[in-house]
Amino acid sequence: MAAPCKATVVLKAVKKIAVQFCPFESNTRSTREFLALVGSEKARATNINCQVVSTVKHDKSEPVVDVTYVDGEQLVMKGANLTCSEMMSAFQSRCTNKDPQTKAAAKK
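The present account deals with the structure reproduced in this document. (Residues numbered from 1 in each chain as written. Predicted model: local features only at pLDDT ≥ 70, side-chain atom pairs only at ≥ 80, totals over all residues. Heavy atoms only, no water.)

1. Notes on the pairing of strand β1 (residues 14-21)
- Pairing between β1 and strand β3 (residues 64-69): six bridges, direction antiparallel. Bridging from a neighbouring strand, K16 pairs with T68 of β3.
- Where β1 meets strand β2 (residues 51-56), six bridges bridge the pair, whose relative direction is parallel. Counted as the bridge partner of I17 is V52 from β2. (Pairing = 2+ DSSP bridges. Helix = DSSP H or I, 4+ residues; strand = E, 2+ residues; numbered from the N terminus.)

As structure tokens, then:
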């Protein structure tokens, strides 16, 4: 059993995060952990205009995270075969590339 991923979440470059999953499926753990991280008060405080929407379905559908960035680009992650840390890594790398302040801080 893997430990939940711990990461600092910054939502500055994100417009909307839509998470959907069936809670009765066994492959939704990483998606639920990702939702808990991006839906936390600390993460939401980094961008109060970011919408975090969760849709709980009961149709045995695979877990999906759909991220829409401020520039219109989308990142769709199918969480059935991804760990929470893999999802956070992909998410944070795109956020870092889109946020000019984060790029400047990384160069120093």
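2. Points about the nonpolar core
- Core analysis: the biggest nonpolar cluster contains 24 residues, and V14, I17, F34, V67 and F91 have the highest contact counts within it.
- For this core, the element with the highest residue contribution is helix α3 (residues 84-98), accounting for five residues.
- The contacts of F34, once residues within four sequence positions are left out, are I17, V65, M77, C84, M87, M88 and F91. (Core = buried A, V, L, I, M, F, W, Y, C linked by side-chain atoms within 4.5 Å. Buried < 20%, exposed > 50% of the residue type's maximum accessible area, 1.4 Å probe, protein only. Contact = heavy atoms within 4.5 Å.)

3. Topic: the sheet that holds β1
- Pairing is mixed in the open sheet, where four strands are placed in the order β2-β1-β3-β4. In the strand order of this sheet, the two ends are held by β2 and β4 (74-78), each with one partner. On average, adjacent strands in this sheet sit at an angle of 10° to one another, irrespective of strand direction.
- Each of β1, β2, β3 and β4 is contacted by helix α1 (residues 29-38), which is oriented at about 145° to β1, the strand it contacts most.
- Across the face of the sheet, α3 comes into contact with β1, β3 and β4 while running at roughly 175° to β4. (Axes fitted to C-alpha atoms, helices over the stretch in contact; angles between N-to-C directions.)

4. Some thoughts on the packing of aromatic side chains
- Considering all chains together, one arrives at one aromatic pair under this definition.
- Arranged with centres 5.6 Å apart and planes meeting at 90°, the rings of F34 and F91 form a pair that is edge-to-face. You can see F34 sitting in helix α1 and its partner F91 sitting in helix α3, a full 57 residues away along the chain.
- Assessed through its relative accessible area of 0%, F91 is described here as buried.
- In this structure, K98 packs its charged tip against the face of Y69, placed 5.3 Å from the ring centre. (Phe/Tyr/Trp six-rings, centres within 6.5 Å; stacked < 30°, edge-to-face > 60°. Lys NZ or Arg CZ within 6 Å of the ring centre and 35° of its normal.)

5. What about the side chain of T28?
- Considering the arrangement of structural elements, one finds T28 in the loop between β1 and α1.
- Taking the relative accessible area as the measure of exposure, T28 reaches 0% and is therefore buried.
- Beyond its immediate stretch of four places on either side in the chain, T28 contacts F21, C22 and P63.

So yeah, pure geometry; function would need other evidence.
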